[in-house]
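# Structure assessment
Residues per chain, in single letters:
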Amino acid sequence: MKVLLINGSPRHKGNTQRALEEVAAALQADDIEAEIAWIGNKPIRGCTACGWCGKTGENRCTFDDDRCNELIQKAGEADGLIVGSPVYFAGANGSVISLLDRMFYAGGALMRYKPAAGVGIARRGGTIETVDQIQKYFQIYGMPVVSSAYWNIAYGRDPKEVECDGEGMHTMRQLGHNMAWLLKCIEAGREAGVEHTIEDKVSTNFIR
Ligand SMILES: Cc1cc2nc3c(=O)[nH]c(=O)nc-3n(C[C@H](O)[C@H](O)[C@H](O)COP(=O)(O)O)c2cc1C
């Protein structure tokens, strides 16, 4: 089994990367494969609401000039997903949100029911809001949200400073172990024939 970890910081080797490396090491210690994919530092376009993805049903965004489609494919192939973002103005970095809007609008069906977690990294404030913001994408696709020993947050400003946040690093390791445990439980459940009842969707009367 494999988990895709998206490093949503434009600083490739910054604190988000370091925190995700700690999660990845814990996953690997529990025999789960882990790949960290960097979002890059080139522009990531926002969703233009063109609706092309809905018409083709190909789980792809019509715009192919950034990493969105590649990451949809990687997330579709993985068994679990973790998205880490640096905190910018008390929320996730704008590129992460542009990416997730398009990844989930075009390819959310590929991620449905896979365990996932958001991670927020900051100098001082806005981590909880960032984790909440990221995890909204997971909740609308029925993805079990994985927690840790604390909220999935850690602190640091200059690159690698997050290593000094011992509690944050412990939180990252426990997140990896919890994700590994849940993936193994889901696999064992599948093998034991545990059923997952999925009802037909019902739309409310006042929003089409
Ligand atoms: C544009 C911008 C906005 C930021 N806003 C916040 C903020 O609201 N709260 C905070 O604690 N840190 C803020 N920071 C600091 C970063 O969250 C912090 O340096 C973090 O470690 C960056 O992660 P990285 O090393 O993975 O890039 C901001 C940094 C930038 C560049």
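Below you will find a few notes about this structure. (Residues numbered from 1 in each chain as written. Predicted model: local features only at pLDDT ≥ 70, side-chain atom pairs only at ≥ 80, totals over all residues. Heavy atoms only, no water.)

Our next topic: the side chain of T127. Summarising the element assignment, T127 is placed in helix α5 (residues 127-139). Judged by relative accessible area, which is 2%, T127 ranks as buried. Beyond its immediate sequence surroundings of up to four residues, T127 is in contact with V87, G120, I121, A122, I153, A154 and Y155. (Helix = DSSP H or I, 4+ residues; strand = E, 2+ residues; numbered from the N terminus. Buried < 20%, exposed > 50% of the residue type's maximum accessible area, 1.4 Å probe, protein only. Contact = heavy atoms within 4.5 Å.)

Scanning the model with the defined rule gives one cavity of 30 Å³ or more in all. C47, T48, A49, C50, G51, C53, C61, T62, F63, R102, Y105 and A106 are the residues that line the largest cavity. Counting residues per element, the lining of the largest cavity draws most heavily on helix α4 (residues 94-111), at three residues. (1 Å grid on protein atoms, 1.4 Å probe; cavity = no way out; pocket = protein on both sides within 12 Å on 5 of 7 lines; lining within 4 Å. Points joined across faces, edges and corners; volume = space filled by probe spheres on them.)

On to the side chain of N93, then. Along the chain, N93 falls in the loop between β4 (91-92) and α4. Setting aside residues no more than four positions away along its own chain, N93 makes contact with G8, P10, S85, P86 and Y88.

The next point concerns unusual backbone geometry. Positive phi outside glycine occurs at Y113, with the angle close to 70°. Within the secondary structure, Y113 sits in the loop between α4 and β5 (116-122).

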